[in-house]
4 protein chains.
Amino acid sequence: MNHFLSIEDDIDGDTLHEECGVFGILGHPDAATLTALGLHALQHRGQEAAGIVSFDGQRFHSERRMGLVGDHYTDPATLARLPGDRSIGHVRYSTTGETILRNVQPLFAELEVGGIAIAHNGNFTNGLTMRRQLIADGAICQSTSDTEVVLHLIARSKHPSSSDRFIDAIHQMEGGYSMLAMTRTKLIAARDPIGIRPLVMGELDGKPIFCSETCALDIIGAKYIRDVENGEVVICEIQPDGSITVDARKPEVSRPERLCLFEYVYFARPDSVVGGRNVYVARKNMGINLAKEAPIEADVVVPVPDGGTPAAIGYAQASGIPFELGIIRNHYVGRTFIEPTQQIRAFGVKLKHSANRAIIEGKRVVLVDDSIVRGTTSVKIVQMIRDAGAREVHIRVASPMIYHPDFYGIDTPDADKLLANQYTSLKAMCDFIGADSLEFLSIDGLYRAVGGSPRDRAQPQFTDHYFTGDYPTRLLDRESTSNVRKLSVLASNG
Amino acid sequence: MNHFLSIEDDIDGDTLHEECGVFGILGHPDAATLTALGLHALQHRGQEAAGIVSFDGQRFHSERRMGLVGDHYTDPATLARLPGDRSIGHVRYSTTGETILRNVQPLFAELEVGGIAIAHNGNFTNGLTMRRQLIADGAICQSTSDTEVVLHLIARSKHPSSSDRFIDAIHQMEGGYSMLAMTRTKLIAARDPIGIRPLVMGELDGKPIFCSETCALDIIGAKYIRDVENGEVVICEIQPDGSITVDARKPEVSRPERLCLFEYVYFARPDSVVGGRNVYVARKNMGINLAKEAPIEADVVVPVPDGGTPAAIGYAQASGIPFELGIIRNHYVGRTFIEPTQQIRAFGVKLKHSANRAIIEGKRVVLVDDSIVRGTTSVKIVQMIRDAGAREVHIRVASPMIYHPDFYGIDTPDADKLLANQYTSLKAMCDFIGADSLEFLSIDGLYRAVGGSPRDRAQPQFTDHYFTGDYPTRLLDRESTSNVRKLSVLASNG
Amino acid sequence: MNHFLSIEDDIDGDTLHEECGVFGILGHPDAATLTALGLHALQHRGQEAAGIVSFDGQRFHSERRMGLVGDHYTDPATLARLPGDRSIGHVRYSTTGETILRNVQPLFAELEVGGIAIAHNGNFTNGLTMRRQLIADGAICQSTSDTEVVLHLIARSKHPSSSDRFIDAIHQMEGGYSMLAMTRTKLIAARDPIGIRPLVMGELDGKPIFCSETCALDIIGAKYIRDVENGEVVICEIQPDGSITVDARKPEVSRPERLCLFEYVYFARPDSVVGGRNVYVARKNMGINLAKEAPIEADVVVPVPDGGTPAAIGYAQASGIPFELGIIRNHYVGRTFIEPTQQIRAFGVKLKHSANRAIIEGKRVVLVDDSIVRGTTSVKIVQMIRDAGAREVHIRVASPMIYHPDFYGIDTPDADKLLANQYTSLKAMCDFIGADSLEFLSIDGLYRAVGGSPRDRAQPQFTDHYFTGDYPTRLLDRESTSNVRKLSVLASNG
Amino acid sequence: MNHFLSIEDDIDGDTLHEECGVFGILGHPDAATLTALGLHALQHRGQEAAGIVSFDGQRFHSERRMGLVGDHYTDPATLARLPGDRSIGHVRYSTTGETILRNVQPLFAELEVGGIAIAHNGNFTNGLTMRRQLIADGAICQSTSDTEVVLHLIARSKHPSSSDRFIDAIHQMEGGYSMLAMTRTKLIAARDPIGIRPLVMGELDGKPIFCSETCALDIIGAKYIRDVENGEVVICEIQPDGSITVDARKPEVSRPERLCLFEYVYFARPDSVVGGRNVYVARKNMGINLAKEAPIEADVVVPVPDGGTPAAIGYAQASGIPFELGIIRNHYVGRTFIEPTQQIRAFGVKLKHSANRAIIEGKRVVLVDDSIVRGTTSVKIVQMIRDAGAREVHIRVASPMIYHPDFYGIDTPDADKLLANQYTSLKAMCDFIGADSLEFLSIDGLYRAVGGSPRDRAQPQFTDHYFTGDYPTRLLDRESTSNVRKLSVLASNG
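Calculation criteria
Going along each chain's sequence as written, the residues are numbered from 1 onward. All chains are assigned letters beginning with A, and all ligands numbers beginning with 1, in the order in which they are written. Thresholds applied to this predicted model are a pLDDT of at least 70 for local features of residues and 80 or more for the giving and counting of side-chain atom pairs; totals over whole chains, interfaces and linings are not thresholded and use all residues. Where side-chain values are given, they derive from all heavy atoms of the structure, hydrogens and water being excluded. Two strands make a pair as long as DSSP finds a minimum of two bridges between them. Numbered from the N terminus, helices here are DSSP runs of H or I no shorter than four residues, and strands are runs of E no shorter than two. Only C-alpha atoms enter the line fits that serve as axes; for helices the fit covers just the stretch in contact. Angles between N-to-C directions range over 0 to 180 degrees. By definition in these notes, contact holds between two residues if any of their heavy atoms fall within 4.5 Å. UniProt positions are given in the numbering used here, feature names are shortened, and annotations may be inferred rather than shown by experiment. Given a helix with a known number of residues, its expected span is that number minus one, times 1.5 Å. Each residue is assigned to one of three classes by its accessible area relative to the maximum for its type, calculated with a 1.4 Å probe on protein chains only: buried under 20%, partly exposed between the two thresholds, exposed over 50%. Definition of a polar contact: a pair of N or O atoms within 3.5 Å, with one able to donate and the other able to accept a hydrogen when the atoms are protein atoms, and with sequence-neighbouring residues admitted only if both atoms are side-chain atoms. Aromatic contacts are taken between Phe, Tyr and Trp rings whose centres are within 6.5 Å, Trp giving its six-membered ring; a plane angle under 30 degrees counts as stacked, one over 60 as edge-to-face, and the others as tilted. Criterion for a salt bridge: a side-chain nitrogen of Lys or Arg within 4 Å of a carboxyl oxygen of Asp or Glu. If an angle is under 35 degrees, it is roughly parallel; if it is over 145, roughly antiparallel; if it lies from 65 to 115, roughly perpendicular; otherwise it is oblique. Crossing handedness: left-handed means the near helix sits turned counterclockwise from the far one by under a right angle, and right-handed means the same turn made clockwise. Put simply, Ala, Val, Leu, Ile, Met, Phe, Trp, Tyr, Cys and Pro go in the nonpolar bin, Asp, Glu, Lys and Arg in the charged bin, and everything else, Gly too, in the polar bin.

**Student:** Would you explain the sheet that holds strand β18 (residues 300–303) of chain C in this entry?
**Tutor:** Strand pairing in a sheet takes place through backbone hydrogen bonds and is either antiparallel or parallel in direction. All names here are of chain C. Judged by pairing direction, the sheet is parallel, and its 4 strands sit side by side in the order β18-β21-β22-β24 without closing on themselves. The open sheet has two edge strands with one neighbour each: β18 and β24 (437–440). Here the average twist between neighbouring strands, direction ignored, is 20°. Pairing analysis gives 6 bridges linking strand β21 (residues 364–369) to strand β22 (residues 392–397), with the strands arranged parallel. Each residue of the ladder has a partner; that of V368, found in β22, is R396. In the packing of helix α11 (residues 309–319) onto the sheet, the strands contacted are β18, β21 and β22, and the crossing angle to β18 comes to about 165°.

Listed below in structure tokens is the structure:
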């Protein structure tokens, strides 16, 4: 499995998707262009839509589009419609709310104290509950996005300053989020109390930047300063003299950070530094640990591209078995595979991957993948490798088995669709997949690969409920689901 | 001048535009198709966008599009996305609020008591004032349309029933409006206290219909029942047994109706019956009265098509001078003349009109037009007629001089751009236009043509402020304009 | 019936369509813009596609689009892609050949002597025969348009000069045509031996112009010079010093001109002068003659808009019965009514026309139409008039009955679909249509209205086979149809 | 450098592009779908346009589109417009001829003997010469594609059978080509006399398939049969009984095959077998030979993704230096980067690649690339690696220096833009690029990597003129360029 949108992902739903990436900059003359470039670097966090809001001192300007950053925001005319020295942007893969244009972020509201735009990566566990309260109180919700709930809370807050209103609003929300807000003079960044989703601070030409991953700093040559801390709100403000003040508000009682492990396993770009740790190195470590935990005699180590490649390099180095590109990936996957024909569906995985027979034939193959969700793709890949003449196929997965759904911004299948819940033994899973052997990295192996030490059961260092069932927050919407009257939500095409 | 969108209108702004037309039907299996046809018949009231919302018993469905009804709503796939036996629709020519998709009506809100969609023709004179109060109170305005203000007032009303909330909301608004609302079970129609904008009630197969003009009933073979009265709210509701109840609520103290005279002069379709009077007959009467008030010796009566045609027929019959098509209209005016080239601009009026030389040459021509706004088109038409060899050109205008702007849904140029305000004498205007003589119908002549009797100064029978300065309501937004902080309204493209 | 593309035309096929209009200009700096304006004036001759080819001294430039002139050629960017001081253009309603982009004219070919573009109004009666010969001889036909056949004949001609090649080519073709060609230095105009289709010559700023009708001269303020004569080829050439030479080549033995009567009855714009006769005056004369031939006692004369209006004015003046707009036309007919829903189809004629009840109710109505093809529209209009309360409905048609198909550029239904061939008596037709009486103008009445004298049976002054069966040329393709192997023609979408 | 369309390629033109890939199948009920899938697998050979022509026993059907296969041909509606059991398809990167829709292949012609469609990969060295002869002989060229020349030669051939006409036509052409043709009953494949471009034959369910590379067989599970030989024409024909005959015509005097070396270095997909040799293995061998020829002491071997990856794996294995992903590729490159803004241009290479600092910092890096064309991308990549903290940067290129342009279907920059022609010493090139050392694989090293033995100077085993200047055919167009009058070729947008 790997982290790029593709045909068989759409067909089988055998993948995880993350909701979003965010980027914001204050005080730079090329604000919108830099934001577009930053979003381009964060494109792996959301491919369905991208939006940018800028402020030019007088007016806010908004461009929001379905599709890739590179499809729209490289057009000079589009960038020209985003004047001003400050802007925030967002890339989206929809989890909550249909992906229609009015759901695309950043969202904007005209407040009594002036306009505010917000963009958000993550998910609220009390979003629906809050929405119902707001509607009962006379609010009009135009989108089906949870982010709009925050906007309403800001609008209704009685605090005079926009930053206090923002803080007031997010303190009413629960879940995992990294959020940016832009007012007429401020760029505000906030991270949830335990820091499930990443958010970093950088600077370019002395101007502050916030973004989901460091790769968005690298693309524009900006300097990494530090991570926004869990529970922290950082308020940057342009002063009348043009200088920028930075006001970091930390919670009085800070809880330990628990970054989402899946950022390391799968979501973040390999060249990003998340929580101070290089992602590629972490993944290679997963492969090294996997080679130690689950060795096998074989002729070649073959990654399932592109997600499994770093772990496969680690596995090969640790095991001494040669690393080879036994699966070739077709990069030209078209944009719109809605309703594929039955014929095309039947070709499944081959549209994206093909076996490299000269490398596979007659060999004992170790296939290294980053994770297994439903396992349907693995079945096809194993079959493809066997069809190419492999003598043996051994699957090594660089993360533990996934048992539990996520509610913090990762789009997971229903629990009963997860491979780990469908079979009671590793042997049964292996048979289903059709491999000669199947092994997963242990939870401690994963913790060591990322953080250097095994899982602290009393105080786990990371968010890991998909593997362990240990949810780090309340799940309010979920608890009250049975009572919720279905909204008569509008089906809209304009 | 006439009432179809055209090149030179866009170029010169020498025209009046009305905001909207509305149509709604309750309980008919072909609700959306009938609404599309009704809107097609009302297309002359707004050509920039059209929207329909239907309800299928479970969900509301919305289709909103820029462009003509016939461009989008004749597609079976579009109509199929509007299932249900009730729907309301709207055609729009934007006055207040940019014409962007999120401003296109009907607007929709999810309320605690269920969804509601509203569509509206007219304008509020306190829209901006109310909007500022709402924002101060924490409301989020997504569109720049005044109609959204009503939606917020409905959402915030404390009444338990949706119809009471609707009435509560419109009672807070001032101005001229005809409004439709649709809830899960109700179709509601309302007209402002003095009935500036028209709204009629009809029925088809026993199912109630409301629409701006009777021509929308005719197109679907529906029967006209009566006008919705000024100040009245009519609530039609589907009962559990499928029957429909009609509850007409009239104001306790009713004021006399004052329909907008411009509906007769220019806006309404000639075959419509507005306020019980056939529009074509009223216009022909204007021509007859004009012939009496401003006779001239001439060879041919030539209408400025198409608006001037009924009055020209009346003028010709009353004067005995032959009616001839001396100006030919080109019906093929393309859709998008944004940014015409300088070359094309120079050809101006000829893109739409051409003189019919064989009819004009050597003749004394009486040109009959419905109204004159800025006069720039008249200049070009007179020149065109002279170029075609006319011996004399006499302009007869079938309405009085326009001095004052409108605030009830008609888009008028700034007062100082109006021809009547640029010249102090009829002679000077005539010289500007280049005609041999120029005469306007008197205000009493117009009143007699429409209603049979002259203007009652104590109690005018119609809304006529553009001619007289007598505004029939307060102009709250206008009075407080100086105090209003400009909204930092978003410029949005998505 | 009338000559604007509309819904019920598409639905019922109850109309005639003409293939094309052409415009060309040589030596003017605004060539492409003037061509676009000229084509806009000729839009009534073809609404499905429009194309312009210009030459800038180095390269030919081509823009061809489906849709109206005003939809595309008012965009400065489009005109900017058509540089140069000479250009020819074309508007098309497809008769022969599907309407797909590669069939849109002007067509272009690279010849040994340089490029050539051609545009053509009319139809060849030996087009298919010639096409088969060319294919047998190794030619590759890219379009299904007959015009391409001419291009191949030009390419294969052995004459050294492009104008001689052009003449060589058209002398091999039979039928009715008005054709323009543009080479690197020349603008060439040609009309078929008996001049079935119109073509006029004008000038602007001393530069020659050719176009289908004079209205295309009027729109740009150009001066009419003369008609291109039947059988004539006019060759205008820019000389090295910038001067323009005009070489008019007339046939040695000239045959009398026989212009198509339907240009007067229906196709040409009322303000055009065709064959020296104003079209509006001719149509009004038809109405006057009709009033004399077929008088009736009635209360109002009502035109079927817009085609019947001039004749109705004539009928009213001659009969003394008042002319009234008893039918109102909806000008907002959407662009694309492909596959209308059954529901919309059922509303038929009402989408375009509506009865003006106040004028009709209780009256004896004379409905004046320009022509009747299949009669299906007439049935609906009579029903609509009756529904509006008419006491009597008398149809008067300002042209004779149509019995025979056309092969010279008018798209006619199959002969057995024509009303005149479906019923053996006028009474039966009248019953079918549902009128109280039905009368057609006589062929002599039509000849007198257009040319002043009755039909000369020995030497008819006009082309009139649709009324009389007297085809003015051989019909080669038709004669050999039975032998023709069907082409394996490509169905193409790109 | 690598073989996927990307931003910096477009910006700098620092890449080679190949013209085309072809696919054809005869007698299979899913012909069009299989062709679409085959073209998807060949997408790396051309990303600008894709077309398919099918034949359903009655008519040919054509769909041609700008863009990727996956953008258009996954739509069931598109495939449904391509009925029939035989079809040929084409993906295109334009070299000769602008990329406009009418140039997109397959091209089609109606012949006297029936229709024929052709699709072609390669380029003719006498295409312009032949085109001029055809035009002189009266042919009309609609496209600017050389393939149309073949179509004309087929149309003009006097042979009665379509296959003989096809052979007659290609025998008049010189250059490198692999060509497919489809008639009503036949699928024909041909390869140029020395087999510069690849073409293989396979079968699925007993039905013959021809395609550019074996990866197009793999994707649909088809079996590889053999390569079409150089100079061979294979004619497959459906017989009346449904059986398929295969008639392979080989040249009487066969010349040795000389496949284009760049297929191995860069164009072909790594999993394809070209000329009997696995491409991945050949590339890995290039890396192994490079490690032997140009060793260096270093800490990591880093591929320039994706083109340099196989050679980097080989280099790492042969040298014992660890292979690491030091450069991360961004797969989300938008579609349309025409006219990038100056700001975006300045970010250049970073839009596609980013350095993985954790791997690079403080290290001695061996960068392995597949080839260097202009070197401008290399400059940026070296800078990026240095910015990430590399201690030393050593470039190893897995192919020789490029000195000469190609005329057989590879789009090369002008010779004076090639890095090898701009500097006279390896040292100067290395300085320009900014590396610590720079080494290229020797021509013999390349020959050995691909074919196992060094270059046979008397009889080179491969086409290698870009490295050696040894062109394998005459270059007729090039020789006569000075005499050629420029065509007045049409600039067309419709």
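**Student:** Honestly, the sheet that holds strand β6 (residues 107–111) of chain C in this entry has me stumped. Any pointers?
**Tutor:** Residues and elements named next belong to chain C. Taken together, the 6 strands give an open sheet; going across it, the order is β6-β7-β8-β9-β13-β14, and neighbouring strands pair in antiparallel fashion. Each edge of the open sheet carries a strand with a single partner, namely β6 and β14 (244–249). Across the sheet, the axes of successive neighbouring strands diverge by a mean angle of 15°, strand direction being ignored. Taken together, the 8 bridges between strand β7 (residues 114–124) and strand β8 (residues 175–182) define a ladder with antiparallel strand orientation. When the sheet's bridge partners are listed, I118 is paired in β8 with A181. Packed onto the sheet, helix α7 (residues 162–170) meets β6, β7, β8, β9 (186–191), β13 (233–238) and β14 and runs at close to 20° relative to β9.

**Student:** How should the environment of I225 of chain A be read in this particular structure?
**Tutor:** All names here are of chain A. Structurally, I225 can be placed in strand β12 (residues 223–227). For I225 and E203, which are 22 residues apart along the polypeptide, the C-alpha to C-alpha distance reads 7.0 Å. Ignoring sequence-local partners within four residues, the contact set of I225 consists of M201, G202 and E203.

**Student:** Is there a simple way to think about the UniProt feature "active site" (unreviewed entry) in chain A in this case?
**Tutor:** Residue and element names in this part refer to chain A. Per the UniProt record, "active site" (unreviewed entry) is found at C20. Checked against the element boundaries, C20 lands in strand β2 (residues 20–26). Among all residues touching C20, those that are not within four sequence positions of it are R45, H90, V91, R92, Y93, H120 and N121.

**Student:** When you look at helix α10 (residues 279–293) of chain D in this model, what are you seeing that I'm missing?
**Tutor:** Residues and elements named next belong to chain D. When the terminal C-alpha atoms of α10 are compared, their 21 Å separation across 15 residues agrees well with the 21 Å that a helix rising 1.5 Å per residue should span. Every buried residue belonging to α10 is among V279, Y280, A282, R283, K284, M286, G287, N289, L290 and A291, and all of these are buried. The backbone nitrogen of Y280 lies 3.0 Å from a side-chain oxygen of the residue at the head of α10, namely N278.

**Student:** Help me understand the packing of aromatic side chains, please; the structure alone is not making it clear to me.
**Tutor:** For any pair of aromatic rings, geometry is given as the distance between the ring centres together with the angle between the planes. All names here are of chain B. Evaluated as defined, the whole model comprises 54 aromatic pairs over all chains. Centroid distance Y266 to F267: 5.0 Å. Interplanar angle 80°. Geometry classified as edge-to-face. A residue is classified by how much of its surface remains accessible, and Y266, at 2% relative accessible area, is buried. With centroids separated by 5.3 Å and ring planes inclined at 65°, the aromatic side chains of Y447 and F462 adopt a geometry described as edge-to-face. Linking Y447 in helix α17 (residues 443–451) with F462 in strand β25 (residues 462–463), this pair joins segments that are 15 residues apart in sequence. Here Y447 falls in the buried class, since its relative accessible area comes to 0%.

**Student:** Even after reading the chapter, I still don't get the pattern of salt bridges, so can you show me in this structure?
**Tutor:** Pairing between side chains of opposite charge can happen when their charged atoms approach one another. By the definition in use, this model includes 101 salt bridges over all chains. The salt bridge partner of D137 of chain B is R156 of chain B, with a shortest N-O separation of 2.9 Å. With D137 of chain B in the loop between α5 (127–136) and α6 (147–156) and R156 of chain B in helix α6, this residue pair connects regions lying 19 residues apart in the sequence. We classify R156 of chain B as buried; its relative accessible area is 17%. A cluster of three or more residues bridged by salt bridges with shared partners is formed by R45, R197, E213 and E263 of chain A.

**Student:** Honestly, the packing of α5 of chain B against α6 of chain B in this entry has me stumped. Any pointers?
**Tutor:** Angle between the axes and distance between the axes are the two parameters that describe a pair of packed helices. All names here are of chain B. The contact between α5 and α6 brings their axes to 10 Å, and the two run at 45°. Viewed along their axes, α5 and α6 adopt a mutual orientation that is oblique. Crossing of α5 against α6: the hand is left-handed. The residues of α6 that touch α5, namely those facing G127, M130, R131 and L134, are E148, V149, H152, L153 and R156. Residues that form the contact of α5 with α6 fall into these classes: 4 nonpolar, 2 polar and 3 charged.

**Student:** Is there a simple way to explain the pairing of β7 of chain C in this structure?
**Tutor:** The two faces of the sheet receive side chains in turn, since in a regular strand these alternate between them. Residue and element names in this part refer to chain C. The buried fraction of β7 is high, at 11 of 11 residues. Note: β6 against β7, 5 bridges, orientation antiparallel. Bridge pairing in β7 links E110 to G115. Linking β6 back to β7 in an antiparallel pair, the connection comprises 2 residues.

**Student:** Help me understand the side chain of T412 of chain B, please; the structure alone is not making it clear to me.
**Tutor:** Its place among the elements puts T412 of chain B in the loop between β23 (410–411) and α15 (419–422). Among the polar contacts made by the side chain of T412 of chain B, one reaches the main-chain amide nitrogen of D406 of chain B at a distance of 3.1 Å.

**Student:** What exactly am I supposed to notice about the packing of helix α10 (residues 279–293) of chain A against helix α17 (residues 443–451) of chain A here?
**Tutor:** Residue and element names in this part refer to chain A. As a packed pair, α10 and α17 sit with axes 8 Å apart at the nearest point and diverge in direction by 145°. In the packing of α10 onto α17, the handedness of the crossing is right-handed. Contacts between α10 and α17 involve A282, N285, M286, N289 and E293 on the former and, on the latter, G445, L446, R448, A449 and V450. Class assignment for the residues of the contact of α10 with α17 results in 5 nonpolar, 3 polar and 2 charged.

**Student:** I would appreciate a short explanation of unusual backbone geometry in the present structure.
**Tutor:** Look at the link from P305 of chain C to D306 of chain C: it is a cis peptide, with omega at -10°. Mapped onto the elements of the fold, D306 of chain C is located in the loop between β18 and α11. In this model, D205 of chain A sits at a positive phi of 55°, which is unusual for a non-glycine residue. With a relative accessible area of 58%, D205 of chain A lands in the exposed category.

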